[in-house]
Amino acid sequence: MTTFALIGAGPGLGAAVARRFGLEGFDIALISRNQDHLDALAAELHQDGIHARGFAADVSDQQALTAALDAATATMGPIEVLQYSPVPHPDFMKPVLTTHPVDLHGPLAFSLFGPMTAVEQALPGMRELGRGTVLFVNGGSAVRPHPERAGTSIAFAAESAYATMLHDALAPENIHVAQLIIPGAITTGDEHTDPTLLAGTLWTLHDQRGTFRHYASPMDT
């Protein structure tokens, strides 16, 4: 198998998805800001017989993210599946009436420039393989803007537009792009948002392909 690159490798959903794809045979490249946390997660996965390695980078730093993905490819081989799912910073979630242009620099770097950088780095390997999957994971404000979370609402909308266009542009190259919307919190034991359940959903989006946008649970009316 080839490499699954997980951007946003945390202890909840990230760990569950890494374990699911690893048990399906992928080598796992873990990317987040803290190398110690990545090493600990890689060690946990190794106990399950999964080959995993961490590459530290802040997704808002395009040079660092590029270097991490380059290192992952050089060390582990071409990336067949890329998942972009880092958790946004709380300070991105300001009310719209107190959000100014300067306040959008961080959210856009995080939710638009970060995934664009990641996709640009992963695409050559997918094209060489002749197949690939790009998975975007977003909260409900990606499809329903929230006036108290202006930064993420605006940046997620931009990310969603980019991902939608990628879905259409890359389909002829056998590269599938999908988005999973998770309204509300990810909660262990929840019938819709348990991390292990969501990991299974993301595996299905890769394995079965299909349409672009999917919902972990119904959006509130």
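The structure this text deals with has already been given above.
Residues numbered from 1 in each chain as written. Predicted model: local features only at pLDDT ≥ 70, side-chain atom pairs only at ≥ 80, totals over all residues. Heavy atoms only, no water.

S.K.: When you look at the overall build of the protein in this model, what are you seeing that I'm missing?
M.R.: Per the secondary structure count, the protein includes six helices and seven strands. Reading the helices (α) and strands (β) of the protein from amino to carboxyl end gives β-α-β-α-β-α-β-α-β-α-β-α-β. For 221 residues, the compact-globule estimate of 2.2 N^0.38 gives 17 Å, and the C-alpha radius of gyration of the protein, at 16 Å, lies within 12% of that figure. Based on the C-alpha atoms only, the size of the protein along its principal axes is roughly 50 × 40 × 40 Å. Residue burial in the protein is summarised as follows: out of 221 residues, 49% are buried. Contacts spanning at least 24 positions in sequence make up 73% of the contacts within the protein whose residues lie at least 6 apart. (Helix = DSSP H or I, 4+ residues; strand = E, 2+ residues; numbered from the N terminus. Rg over C-alpha atoms; globule rule 2.2 N^0.38 Å. Buried < 20%, exposed > 50% of the residue type's maximum accessible area, 1.4 Å probe, protein only. Contact = heavy atoms within 4.5 Å.)

S.K.: Help me understand the environment of aspartate 39, please; the structure alone is not making it clear to me.
M.R.: Within the secondary structure layout, aspartate 39 lies in helix α2 (residues 35-47). Each C-alpha atom, one on aspartate 39 and one on glutamine 179, is 28 Å from the other, the two residues being 140 residues apart in sequence.

S.K.: Help me understand the packing of helix α4 (residues 105-129) against helix α5 (residues 150-170) in this model?
M.R.: For any two helices packed against each other, one specifies the crossing angle of their axes together with the interaxial distance. The contact between α4 and α5 brings their axes to 7 Å, and the two run at 20 degrees. One element, α4, and the other, α5, form an angle in the roughly parallel class. In the crossing of α4 with α5, the sense of the turn from one axis to the other is right-handed. Between α4 and α5, the contacting residues are Pro107, Leu108, Ser111, Leu112, Pro115, Met116, Val119, Leu123 and Arg127 on the first element and Gly151, Ala155, Phe156, Ala158, Glu159, Tyr162, Leu166 and Leu170 on the second. Residues that form the contact of α4 with α5 fall into these classes: 13 nonpolar, two polar and two charged. (Axes fitted to C-alpha atoms, helices over the stretch in contact; angles between N-to-C directions. Parallel < 35°, antiparallel > 145°, perpendicular 65-115°, else oblique. Left-handed = near helix turned anticlockwise from the far one by under 90°. Nonpolar A, V, L, I, M, F, W, Y, C, P; charged D, E, K, R; others polar.)

S.K.: Is there a simple way to explain the sheet that holds strand β5 (residues 132-139) in this structure?
M.R.: The strands making up a sheet are joined through hydrogen bonds of the backbone, oriented either antiparallel or parallel. The strand order across the open sheet built from seven strands is β3-β2-β1-β4-β5-β6-β7, with neighbouring strands paired in parallel fashion. Two strands lie at the open edges of the sheet, namely β3 (52-54) and β7 (213-215), each paired on one side alone. Adjacent strand axes in the sheet meet at a mean angle of 20 degrees when their direction is disregarded. Pairing analysis gives five bridges linking strand β1 (residues 3-7) to strand β2 (residues 27-31), with the strands arranged parallel. Paired with alanine 5 across the two strands is alanine 29, which belongs to β2. Where helix α3 (residues 62-76) meets the sheet, it contacts β1, β2, β3 and β4 (79-84), and its direction lies at approximately 160 degrees from that of β2. (Pairing = 2+ DSSP bridges.)

Note that every value here comes from positions in space, so none of it alone points to a role or purpose.
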